[in-house]
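Notes for the structure review
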2 protein chains.
Amino acid sequence: MESIGAMKTNMPILGSRVLWEKASRWNSMGAELLTTTDRHDVEWCLQPTAEEMCTQLVAQLPALKKRMFPLLLYQTSQKFRDEMNPRFGLLRARQFLMKDLYSFDVSAESASETYETVCSVYDRIFRDILGLETYKVSAQPGVHGGSQSHEYHLRNPLEEDKIQYCSRCHKGKKVEDGPLSCACGDGSSVSTFSTIEVGHTFQLGTKYSQALGAFTPEKSPLEMCCFGIGVTRLLPAIVELLAGREETIRLPPVIAPFSAAVIVSRQLLPNVLTELTLSSLHRHLGGGILLDDRVEDNIGKRIKSLQEIGIPRIVVLGKTTQETMNKVARVEYIAPQKGNELEWENRELSLNEMMQAIG
Amino acid sequence: MESIGAMKTNMPILGSRVLWEKASRWNSMGAELLTTTDRHDVEWCLQPTAEEMCTQLVAQLPALKKRMFPLLLYQTSQKFRDEMNPRFGLLRARQFLMKDLYSFDVSAESASETYETVCSVYDRIFRDILGLETYKVSAQPGVHGGSQSHEYHLRNPLEEDKIQYCSRCHKGKKVEDGPLSCACGDGSSVSTFSTIEVGHTFQLGTKYSQALGAFTPEKSPLEMCCFGIGVTRLLPAIVELLAGREETIRLPPVIAPFSAAVIVSRQLLPNVLTELTLSSLHRHLGGGILLDDRVEDNIGKRIKSLQEIGIPRIVVLGKTTQETMNKVARVEYIAPQKGNELEWENRELSLNEMMQAIG
């Protein structure tokens with residue numbers, strides 16, 4: 001985010017009815033808006049999104065100079081939506097963490113450029129940082145208003161959404177928005193499949209800036225875009241997408257709870273080799289190393305419980321290590337196979353060999 | 001927190017009326033509880049604290065073994081209180097960030113030990129990490145229930161609270177809780193002054209564990225304590241407490257927005273010296289270095305604006321640097337005086353001398 005000059009903020013969760021009526025959304029959000037009334041009879045909503053709040057913030061800033069634009073503000077905060085039917089755990093909950101970014105430009109042209117720039121960062125987040133295959137489809141702007149809009153989808157069997165996607169020209173569209181028109185011939189390159197939406201971007205135009213008085217130095221309303229990533233639902237969506245064959249979880253390394261775990265038998269717990277293994281792993285890998293000292297449980301059960309929470313590398317100091325300690329100590333190294341990451345493989349390696357395998 | 005085995009969690013903001021009625025707090029919280037009703041007519045509150053939620057979480061965990069206790073869970077999350085009179089900006093707001101920790105013990109004795117352990121960590125956070133002089137006073141447990149309770153106060157002129165404190169035996173009590181009795185003679189060591197509460201700790205006993213079914217392996221209710229730090233109000237309280245003589249903000253280094261700022265004149269912006277200064281500071285200090293490139297404003301104005309947001313060290317590459325560039329370049333180094341931190345001092349130093357001054 002910093003690479004595109006976006007500034008981190010943290011906006012209030014409660015938005016007043018007065019604020020939400022300025023762009024006429026108090027009523028148009030309908031039954032999805034959770035509301036509360038305070039002791040002075042003022043009405044508030046638990047905000048599902050923050051276009052109004054962020055635009056008001058910008059409208060209240062001291063005079064901005066032209067070279068300060070585009071102005072990009074983002075937050076990662078709890079949002080609320082009174083779902084008719086909350087389901088699938090974190091996938092469709094009434095409270096969810098969302099990363100939302102709002103951009104403010106002095107002209108429609110530069111707003112389009114900003115839209116492309118931020119979208120390309122979102123592409124990178126999904127593809128390069130998380131290593132996910134997302135499908136970007138055009139979408140209807142809906143209640144948020146504005147002109148252009150795109151959604152990011154992941155394949156998911158729960159039929160929360162359905163898209164048509166052309167594997168040749170990479171155009172896509174939600175099935176509910178009508179047929180996809182692409183120029184790739186007979187349509188054999190277009191397939192339709194079940195997905196879940198994990199990101200949404202909008203070119204909003206001046207709907208909010210006009211209503212809330214956020215103006216350019218020349219006093220015309222600012223051109224806005226907004227960009228959201230559904231952080232909470234990303235987790236179950238990724239777990240589903242990358243699921244291995246057995247009851248194990250695979251996670252992109254950046255969001256794995258630990259980068260490796262070391263399972264140690266009761267006999268080896270006080271041994272210097274345990275300390276050596278932990279410190280070697282710590283030097284080679286960031287992200288924290290978990291020491292599994294549940295020595296009363298058997299090793300197989302401990303391996304399984306670590307695979308169930310998405311630990312990508314497991315090192316066992318047990319029987320093998322005990323037997324080889326007086327020569328060159330070997331450990332069991334358990335990690336997904338290179339090239340076939342759905343299968344785990346189990347190798348007996350010396351510490352040096354293991355570090356080379358980690359790379 | 002990790003040093004005492006506390007585990008980080010993140011609990012929901014909304015708590016159901018059913019949950020809050022289990023320990024009879026839905027009504028006893030009174031008008032301070034902000035509530036909402038969802039589309040299915042279920043009532044929820046925007047939780048001001050999370051004893052119920054956390055105890056329910058523990059009650060739902062798979063069977064816990066005795067050696068897993070004490071169990072310490074904490075979060076830093078948004079809380080809500082429908083204040084009669086929200087005021088003083090972040091000091092008394094309806095939404096605030098609170099760090100809350102809940103402990104679960106198998107006996108009252110070990111709960112007392114846990115209480116002392118966590119309190120000593122809180123002492124360290126306030127004294128060693130933030131460098132603040134806090135006053136720990138005994139307090140009434142109030143609506144939270146339980147036996148023992150303490151509050152952490154900072155001196156503050158706004159008269160939000162008032163305490164009596166003995167400078168000899170370090171006993172203290174809130175004025176509203178009646179006179180302080182201490183054994184230090186004629187009372188000349190006791191003074192009364194205006195403060196603001198920034199932390200609160202409680203020994204809760206079994207009120208919540210009994211009501212929500214959180215039991216020891218032997219099926220007796222767990223002994224609980226809870227510990228809160230008001231993160232949001234700490235910021236204005238610290239700003240007030242450490243205020244210098246002029247319109248500047250001083251902050252403890254760990255919470256300063258940047259550890260240093262470099263103000264560069266237009267002429268020196270492209271000079272390699274700017275890069276050298278930034279990278280030297282970056283190596284010596286953590287916490288981020290701010291490059292102030294607002295070259296159209298005069299240097300004095302820029303210094304003032306950085307002091308106003310609590311930057312603890314300011315380096316100026318301007319006229320002095322320009323004039324000395326062909327010999328040994330000197331910079332202006334502006335930082336609080338050693339020993340009299342209310343006053344800033346301004347010295348002309350070479351880069352090497354500046355790094356030595358930073359230490």
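Here, every reference points to the structure presented above.
To start, this report covers the structure provided alongside it. (Residues numbered from 1 in each chain as written. Chains lettered and ligands numbered in written order. Predicted model: local features only at pLDDT ≥ 70, side-chain atom pairs only at ≥ 80, totals over all residues. Heavy atoms only, no water.)

1. Brief notes about the relation of the copies chain A and chain B
Both copies of the chain are tied together by a single rotation about an axis and a shift running along it. Operational definition: The fit set for superposing copies consists of C-alpha atoms from residues with pLDDT of at least 70 in both; the fit itself is least squares. In what follows, a contact means two residues having at least one pair of non-hydrogen atoms within 4.5 Å.
For these two chains of identical sequence, chain A goes onto chain B by a turn of 180 degrees and a shift of 0.0 Å along the axis, with RMSD 0.0 Å. On this basis, the relationship between the two copies can be described by a two-fold rotation axis. When C-alpha positions in chain A are compared against the rotation axis, the closest is assigned to A:Thr36, at 2.4 Å. Of the residues that chain A buries at the interface, 100% are likewise interface residues in chain B, meaning the two copies contact each other through the same surface.

2. Considerations on the sheet that holds strand β13 (residues 260-264) of chain B
Residues and elements named next belong to chain B. Put simply, the test is: In this description, strands pair whenever DSSP reports at least two bridges between them. In DSSP terms, a helix is any run of H or I states spanning at least four residues, a strand is any run of E spanning at least two, and both are numbered starting from the N terminus. Fitting a line to C-alpha atoms yields each axis, with helices limited to the stretch in contact; the angle taken between N-to-C directions then spans 0 to 180 degrees.
Taken in spatial order, the five strands of this open sheet run β14-β13-β15-β16-β17, and their pairing is mixed. The open sheet is flanked by β14 (289-292) and β17 (340-350), the only strands paired with a single partner. The mean inter-strand angle of the sheet, taken between neighbouring strand axes irrespective of direction, is 20 degrees. Where β13 meets β14, four bridges bridge the pair, whose relative direction is parallel. When the sheet's bridge partners are listed, isoleucine 263 is paired in β14 with aspartate 292. Where helix α8 (residues 299-307) meets the sheet, its contacts fall on β13, β14, β15 (314-317), β16 (330-337) and β17, and the angle it forms with β13 comes to roughly 165 degrees. Against the sheet, helix α10 (residues 351-358) engages β15, β16 and β17, with an angle of about 155 degrees to β17.

3. Comments concerning the interface of chain A and chain B
Selection rule: Throughout, the accessible surface (probe 1.4 Å) given up by two parts as they are put together, summed over both, is called the buried area. Just to be clear on terms, a salt bridge is a Lys or Arg side-chain nitrogen sitting within 4 Å of an Asp or Glu carboxyl oxygen. The classification used treats Ala, Val, Leu, Ile, Met, Phe, Trp, Tyr, Cys and Pro as nonpolar, Asp, Glu, Lys and Arg as charged, and all other residues, Gly among them, as polar.
Counting residues at the interface gives 26 residues for chain A and 26 residues for chain B. Here chain A packs against chain B, burying approximately 2,100 Å² in sum over the two surfaces, 50% of which is carbon and sulfur. Taken together, the links from chain A to chain B amount to six salt bridges. Here B:Arg67 ties to A:Glu296 by a salt bridge, and the two come within 2.2 Å at their closest N and O atoms. Those elements that place two or more of their residues in the side of chain A that touches chain B are β3 (34-37), β4 (43-46) and β5 (71-80) of chain A. Of the residues forming the side of chain A that touches chain B, the biggest block, four residues, is contributed by β3(A). Classifying every residue of the side of chain A that touches chain B gives nine nonpolar, seven polar and ten charged.

4. Let's talk about the pairing of β5(A)
Residue and element names in this part refer to chain A. Our working rule: Think of it in three bands: with a 1.4 Å probe and only protein chains considered, a residue is buried below 20% of the maximum accessible area for its type, exposed above 50%, and partly exposed in between.
Counting buried positions over the ten residues of β5 gives nine, a clear majority of the element. Here strand β1 (residues 7-8) pairs with β5 via two bridges, running parallel. If you follow lysine 8 over to β5, its bridge partner there is tyrosine 74. Taken together, the ten bridges between β5 and strand β6 (residues 95-105) define a ladder with antiparallel strand orientation. Bridging across to β6, tyrosine 74 finds its partner in leucine 101.

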